[in-house]
Amino acid sequence: SPGNTAGAVFNTGVIFLAASNSTVAFCERWARSTLKLETWWSDDQGVFNRLLTARGFYPVRAASSDGRLVHGPDGLVLGPLPARRFCSGHMVWMQQAGAAGECASVHATFTEFGDAGKRWRFLEAGLWGALPARYFSEGRFLSFAPPKPPPDPR
């Protein structure tokens, strides 16, 4: 929001970039900085946020009369995508019971088991292509036959 002096965090799961010299220059810096990451816990989103907020971002300045667009560094203009159309995984799986509704895209954030967990959630919601038959018949599988439970102690 315009006037904020700290605390902006941008999610890079789904972004739209308008073509401009500023955008290209920013994306080149973003890519170069991401490729230089040396720690396993660092990611492109952290780099994106550091580059946006490191210099001249605060206090946040409105770039539109309604304040929905704000100025970023080096001539960038930033604005949120509508959450109703560009949905978070939380919204789809927790608030809409796995139904995509009006979502043009779904960003699976904070899903356990990494990419495999995200794929599984999309599969369950019918938002991922069907697995080929060989997925269920080829490869190595782990199976488990649980022991028979003891009789109920009455």
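One can find the structure itself at the top, above this paragraph.
All values derive from a computational prediction rather than experimental measurement. (Residues numbered from 1 in each chain as written. Predicted model: local features only at pLDDT ≥ 70, side-chain atom pairs only at ≥ 80, totals over all residues. Heavy atoms only, no water.)

A. Looking closely at the overall build of the protein chain. Along the backbone of the protein chain there are 4 helices and 4 strands. The secondary structure elements of the protein chain, listed N-terminal to C-terminal, are α-α-β-β-β-α-β-α. Over its C-alpha atoms the protein chain spans a radius of gyration of 22 Å, topping by over 25% the 15 Å that the globule rule assigns to 154 residues. Here the C-alpha coordinates of the protein chain stretch approximately 70 × 40 × 35 Å along the principal axes. In the protein chain, which comprises 154 residues, the proportion classed as buried is 19%. For the protein chain, the share of sequence-separated contacts (at least 6 apart) that also reach a separation of at least 24 residues comes to 38%. By element, 58% of the accessible surface of the protein chain is carried by carbon and sulfur atoms, the whole surface being about 11600 Å². Here the protein chain carries 16 positive and 12 negative side-chain charges, and the mean point of each set is 1 Å from the other. (Helix = DSSP H or I, 4+ residues; strand = E, 2+ residues; numbered from the N terminus. Rg over C-alpha atoms; globule rule 2.2 N^0.38 Å. Buried < 20%, exposed > 50% of the residue type's maximum accessible area, 1.4 Å probe, protein only. Contact = heavy atoms within 4.5 Å. Areas by Shrake-Rupley, 256 points an atom, 1.4 Å probe, with all protein chains shown as cover. Lys, Arg positive; Asp, Glu negative; His and termini not counted. Charge placed at Lys NZ, Arg CZ, Asp CG, Glu CD.)

B. Quick look at the pattern of salt bridges. The tally for this structure, following the rule as stated, stands at 3 salt bridges. For Asp74, the salt bridge is made with Arg29, and the minimal N-O distance between the two is 3.0 Å. Residue Asp74 is located in the loop between strand S1 (70-71) and strand S2 (77-78), and its partner Arg29 is located in helix H1 (residues 21-35); the two are separated by 45 residues in the primary sequence. Residue classification places Arg29 among the partly exposed positions, given a relative accessible area of 24%. (Salt bridge = Lys/Arg side-chain N within 4 Å of Asp/Glu carboxyl O.)

C. Layout of a nonpolar patch on the surface. Judged by side-chain polarity, Phe16, Leu81 and Phe86 come together as a nonpolar surface patch covering roughly 300 Å² of accessible area. Mapped onto the elements, Leu81 comes out in the loop between S2 and strand S3 (86-88). (Patch = residues over 30% accessible without salt bridge, like charges linked within 9 Å, V, L, I, M, F, W, Y side chains within 5 Å.)

D. A look at the nonpolar core. Counting residues in hydrophobic clusters, the biggest one holds 10 residues: Phe26, Trp30, Val47, Phe48, Leu52, Phe57, Val60, Val70, Leu76 and Leu78. Secondary-structure elements contributing two or more residues to this core are H1 and helix H2 (44-53). Broken down by element, this core gets its largest block of residues, 3 residues, from H2. Sequence-distant contacts of Leu52, defined by excluding residues within four places in its chain, comprise Phe10, Phe26, Phe57, Pro73, Leu76 and Leu78. Counting residues in each nonpolar core, the second largest holds 8 residues, with Met91, Val92, Trp93 and Phe122 among its members. (Core = buried A, V, L, I, M, F, W, Y, C linked by side-chain atoms within 4.5 Å.)

E. Representation of the side chain of Thr23. Residue placement: Thr23 occurs in helix H1. Classification of Thr23 by relative accessible area gives buried; the value is 13%. Apart from residues no more than four positions distant in its own chain, Thr23 is found in contact with Leu17, Ala18 and Leu76.

F. Quick look at the packing of H1 against H2. With their axes 9 Å apart at the nearest point, H1 and H2 run at an angle of 130 degrees to one another. In this view, H1 runs oblique relative to H2, as classed from their interaxial angle. Crossing handedness for the pair H1 and H2: right-handed. On the side of H1, the interface is formed by Phe26, Arg29, Trp30, Ser33 and Thr34, while H2 contributes Asp44, Val47, Phe48, Leu51 and Leu52. For the contact of H1 with H2, the residue count by class is 6 nonpolar, 2 polar and 2 charged. (Axes fitted to C-alpha atoms, helices over the stretch in contact; angles between N-to-C directions. Parallel < 35°, antiparallel > 145°, perpendicular 65-115°, else oblique. Left-handed = near helix turned anticlockwise from the far one by under 90°. Nonpolar A, V, L, I, M, F, W, Y, C, P; charged D, E, K, R; others polar.)

G. Layout of unusual backbone geometry. The peptide bond linking Tyr58 to Pro59 adopts the cis configuration, its omega dihedral lying at -10 degrees. Positionally, Pro59 belongs in the loop between H2 and S1. One non-glycine residue, Asp74, lies in the positive phi region at around 55 degrees.

H. A look at the environment of Arg140. Checked against the element boundaries, Arg140 lands in the segment after helix H4 (114-124). Note: C-alpha distance between Arg140 and Ser88 (52 residues apart in sequence) is 34 Å.

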